[in-house]
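Each chain, written out:
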Amino acid sequence: MPDYLKLKKSNCQNCYKCIRHCPVKSIRFQSSQAHIVKDECILCGQCFVVCPQNAKQIVDGTEKVKVLLQTGDPVFVSLAPSFVANYGGIGIGAMRNALKKLGFFDVEETARGASVVKTEYERMLREDNRDIIISSCCHSINLLIQKYFPSLLEYLADVLSPMQAHCQDIKRRYPNAKTVFIGPCVSKKDEADHYEGFVDAVLTFEELTAWLENE
């Protein structure tokens, strides 16, 4: 798994807060520095959230997105509905206007993909003979099961996430389109790279905010 979460060693002050809050204890301290064990990490982002020293860094995908915008192909944004919590008082219209000024072709809410996923889960519950189904919409939960509870893999639904379903739909409607998901979760960066063909790049809200401020 690539290093989507990195440590800024000069900032780490040995407060141990990250290791106390890591749900899978995938952080070790060595030579007075915290180290994320990437093979054990589920990319939940808790260490990034609780670190008081700004010693955790999410790998920035902004330059990758800017390259996509220069290809000449239409680049669509799949925008997580949770943007309303991050940008208070800002509606989808204002977000679309701002993102178009950055060079994006259009913006749609990921909820369109969630509707497709909901329909598939309803079909599974109605037609499949399964007593237990674990939703596969959260990539951190998928990683948790794969790494720590492999015996439960048989219950994990073989269904696209809303992000994947939405971006697949965009590319069906616009065959030459590129897709960028923007949301709150660092784990979506790994999901996009792991399941190729759906999402071309991922930005967190923090990355988008920094880009907008720079512009």
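Everything below is about the structure shown above.
Parameters and conventions
Residues numbered from 1 in each chain as written. Predicted model: local features only at pLDDT ≥ 70, side-chain atom pairs only at ≥ 80, totals over all residues. Heavy atoms only, no water. Buried < 20%, exposed > 50% of the residue type's maximum accessible area, 1.4 Å probe, protein only. Helix = DSSP H or I, 4+ residues; strand = E, 2+ residues; numbered from the N terminus. Contact = heavy atoms within 4.5 Å. Arc of directions from axis to C-beta. Polar contact = N/O pair within 3.5 Å; in protein donor to acceptor, adjacent residues only side chain to side chain.

> Mind showing me how you'd approach helix α7 (residues 139–148) here?
Residue pairs three or four apart in sequence face the same way in an α-helix, which turns once every 3.6 residues. For α7, the full list of buried residues reads His139, Ser140, Asn142, Leu143 and Ile145. In this structure, the buried residues of α7 make contact with α9 (187–194).

> Please clarify how the environment of Val117 should be interpreted in this entry.
For Val117, the position within the fold is in helix α6 (residues 111–127). Overall, Val117 belongs to the buried group, its relative accessible area being 5%. The spacing of Val117 and Phe83 is 34 residues in sequence and 20 Å in space, taken between C-alpha atoms. Ignoring any residue separated from it by four or fewer positions in sequence, one finds Val117 in contact with Cys137, Val159, Leu160, Ser161, Pro162 and Ala165.

> Just checking my understanding: could you explain helix α10 (residues 205–214) for this structure?
For α10, the complete set of buried residues consists of Phe205, Glu207, Leu208 and Trp211. The buried residues of α10 occupy one face: seen down the axis, they fall within an arc of 160 degrees. For α10, exposure combined with an orientation more than 90 degrees from the buried face picks out Glu213 and Asn214.

> What should I look at first to understand the side chain of Ser161 in this one?
Take Ser161: it is sitting in the loop between α7 and α8 (162–173). Look at Ser161 and you get buried, because its relative accessible area is 2%. There is a polar contact of 2.6 Å between the side chain of Ser161 and the side chain of Glu191.

> I would appreciate a short explanation of the side chain of Ser187 in the present structure.
Mapped onto the elements of the fold, Ser187 is located in helix α9. The class for Ser187 is buried, based on a relative accessible area of 3%. The residues touching Ser187, leaving out its near neighbours within four places in the chain, are Leu43, His139 and Ser140.

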